[in-house]
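Chain by chain, the residues run as shown.
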Amino acid sequence: MNIDSTAFNSYSQGLLLGASLIVAIGAQNAFVLRQGLRREHVTVIVLACGLTDALLMAAGVFGLAALINGQPLLTRLISWAGALFLSCYGARALWRARRPGADLHAAQGPSLSLRQALLQLAGFTLLNPHVYLDTVMLVGSVGAQQPTALRLAFMAGAASGSLLWFALLGFGARWLAPWFARPRAWQILDALIGLTMLALAAMLIFQT
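Conventions used here
Numbering of residues starts from 1 in each chain and follows the order in which that chain's sequence is written. Thresholds applied to this predicted model are a pLDDT of at least 70 for local features of residues and 80 or more for the giving and counting of side-chain atom pairs; totals over whole chains, interfaces and linings are not thresholded and use all residues. Processing note: side-chain calculations cover all non-hydrogen atoms of the structure and skip hydrogens and water entirely. Strands are runs of DSSP state E lasting at least two residues, helices are runs of H or I lasting at least four, and both sets are numbered from the N terminus onward. Each accessible area is a Shrake-Rupley result for a 1.4 Å probe, and residues are judged covered by the shown protein chains and nothing else. Salt bridges are defined as contacts in which a side-chain nitrogen from Lys or Arg sits within 4 Å of a carboxyl oxygen from Asp or Glu. To sort residues, take the accessible area from a 1.4 Å probe on protein chains only and compare it with the maximum for the residue type: under 20% means buried, over 50% means exposed, and anything in between is partly exposed. Lines fitted to C-alpha atoms define the axes here, with helix axes fitted over just the stretch in contact, and angles between the N-to-C directions of these axes take values from 0 to 180 degrees. Working definition: roughly parallel below 35 degrees, roughly antiparallel above 145 degrees, roughly perpendicular at 65 to 115 degrees, and oblique for all remaining angles. In this analysis, two residues are considered to be in contact whenever any of their non-hydrogen atoms come within 4.5 Å of each other. Amino acid classes used here: Ala, Val, Leu, Ile, Met, Phe, Trp, Tyr, Cys and Pro are nonpolar; Asp, Glu, Lys and Arg are charged; the rest, including Gly, are polar. For Phe, Tyr and Trp, rings pair up if their centres lie within 6.5 Å, where Trp contributes its six-membered ring, and each pair is then called stacked (planes under 30 degrees apart), edge-to-face (over 60) or tilted (otherwise). Multiply 1.5 Å by the residue count of a helix minus one, and that product is the helix's expected span. The term nonpolar core refers to a set of buried residues drawn from Ala, Val, Leu, Ile, Met, Phe, Trp, Tyr and Cys, joined through side-chain atoms within 4.5 Å. pLDDT: the predictor's confidence for each residue, scored from 0 to 100. Handedness of each helix crossing follows the sense of rotation of the near helix against the far helix: counterclockwise by less than a right angle gives left-handed, clockwise gives right-handed.

So, the overall build of the chain
Phase 1: Check the secondary structure of the chain and you find eight helices and zero strands.
Phase 2: Order of helices (α) and strands (β) in the chain, N terminus to C terminus: α-α-α-α-α-α-α-α.
Phase 3: Summed over all atoms, the accessible surface of the chain reaches about 10800 Å², with 70% contributed by carbon and sulfur.

Okay, structure coming up:
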C-alpha cells in the first residue's frame, strides 16, 4: 500500500469520526440552525465553527489531550461554567416559546450584530465541555494513535467532516424558511432548543 492510499485512509477515518461526533443536537448546532433560518452572518458563523473545531482537533491530535487528562480541577470548572451558560440560554428559549406572538418570526425579531453572534457562538463552543471531550479528547486520542506522518491527514479529515456538517446546517436551513414563516414553528423550535440546552446542562452537572 503506497503513501497516498494510507494518507487517504487516515483522512477517511478522520472524516467519519468528525462527522459522527458533530451530527447531534446541541447548543452549537441549534445556534447555527437558528442563524441559518434568520439568514444572519451564516458564512462567517459556519467558517468560525469549522475553524474552531479544526483548532481544537489539532490541539488534541498533537498533544493537548494528555495535558487536560492530568488536570481534573480544570475539567470540573469548565463543566460548571458550561452548565450555567446552557441553563441560562435554555431558560430564555423556553420563555420565548411560551409567547408565540413575540420574537418568533426570523424577519421581525431583533437581529444580532456580527460581534454579538460571534460572542454567543464562542459561548456555546468554548463553554461546552462536550466540545473538548469530542474534539480534543476523543479525536485527539484516536489521532494520536496514527503514525506521525499520517496525523495531519487524519486531522484534516475530521475537520472536513465538521465543516461539511455546519455548512449543510447553516445553508440548508434556508430550505426550511417557508415552514418557519409560521409562528408555531418558531415556538416549537425554541421549545426544542430550550429543552435540549437544559438537558445538556443537567447532564454536565450530573457528570461533574
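We are not done yet, so read on.
Examining the pattern of salt bridges
Phase 1: What the rule picks out here adds up to one salt bridge.
Phase 2: Close ionic contact of Arg38 with Glu40 constitutes a salt bridge, the shortest N to O distance being 3.3 Å.

A look at unusual backbone geometry
Phase 1: Even without glycine at this site, Arg39 takes up a positive phi of about 60°.
Phase 2: Of note, Arg39 is situated in the loop between helix H2 (27-38) and helix H3 (42-69).
Phase 3: Overall, the relative accessible area of 52% leaves Arg39 in the exposed class.
Phase 4: At His41, a position not held by glycine, the phi torsion is positive, near 55°.
Phase 5: Looking at where His41 falls in the secondary structure, it is placed in the loop between H2 and H3.

Digging into the packing of H2 against helix H7 (residues 151-172)
Phase 1: It is at 7 Å that the axes of H2 and H7 come closest, and there the two elements cross at 40°. As the angle between them shows, H2 and H7 are arranged oblique. Where H2 approaches H7, its residues Gln28, Asn29, Val32, Leu33 and Gly36 are matched on the opposing element by Trp165, Phe166, Leu169 and Gly170.
Phase 2: In terms of residue class, the contact of H2 with H7 is made up of five nonpolar, four polar and no charged.

Thoughts on the packing of aromatic side chains
Phase 1: Per the counting criterion, the structure on display carries one aromatic pair.
Phase 2: Taking the centre distance of 5.4 Å and the plane angle of 50° together, the rings of Phe31 and Phe124 count as tilted. Separated by 93 residues along the polypeptide, Phe31 in helix H2 and Phe124 in helix H5 (residues 114-126) bring together distant segments of the chain.

What to know about H7
Phase 1: The first and last C-alpha atoms of H7 sit 31 Å apart over 22 residues, in line with the 32 Å expected at 1.5 Å per residue.
Phase 2: Of all the residues in H7, the buried ones are Ala153, Phe154, Met155, Gly157, Ala158, Ala159, Gly161, Ser162, Phe166, Leu169 and Gly170.

As for the nonpolar core
Phase 1: Counting 27 residues, the largest nonpolar core has Phe31, Ile45, Ile193 and Met197 as the members making the most contacts within it.
Phase 2: For this core, the secondary structure elements donating two or more residues are H2, H3, helix H4 (72-97), H5, H7 and helix H8 (183-207).
Phase 3: Residues contacting Phe31, with those up to four places away along its chain left out, are Ile45, Leu112, Ala117, Gln120, Leu121 and Phe124.
Phase 4: Val61, Val139, Phe154 and Ala158 belong to the second largest nonpolar core, which has nine residues in total.

Comments concerning the confidence of the model for the chain
Phase 1: Of the residues in the chain, 77% have a pLDDT of 70 or more, and the chain-wide mean is 76.
Phase 2: Within the chain, helix H1 (residues 3-22) has the poorest average pLDDT of any element, 68, and H5 the best, 89.
Phase 3: Confidence drops under a pLDDT of 50 for residues 101-108, and excluding neighbours within four residues, the segment shows 18 contacts in the predicted structure.

Observations concerning the packing of H2 against H5
Phase 1: The contact between H2 and H5 brings their axes to 8 Å, and the two run at 155°. Considered as vectors, H2 and H5 are oriented roughly antiparallel to each other. H2 and H5 meet at a crossing whose hand is left-handed. Facing Ala27, Gln28, Phe31 and Gln35 of H2, the residues of H5 in contact are Ala117, Gln120, Leu121, Phe124 and Thr125.
Phase 2: Class assignment of the residues belonging to the contact of H2 with H5 gives a composition of five nonpolar, four polar and no charged.

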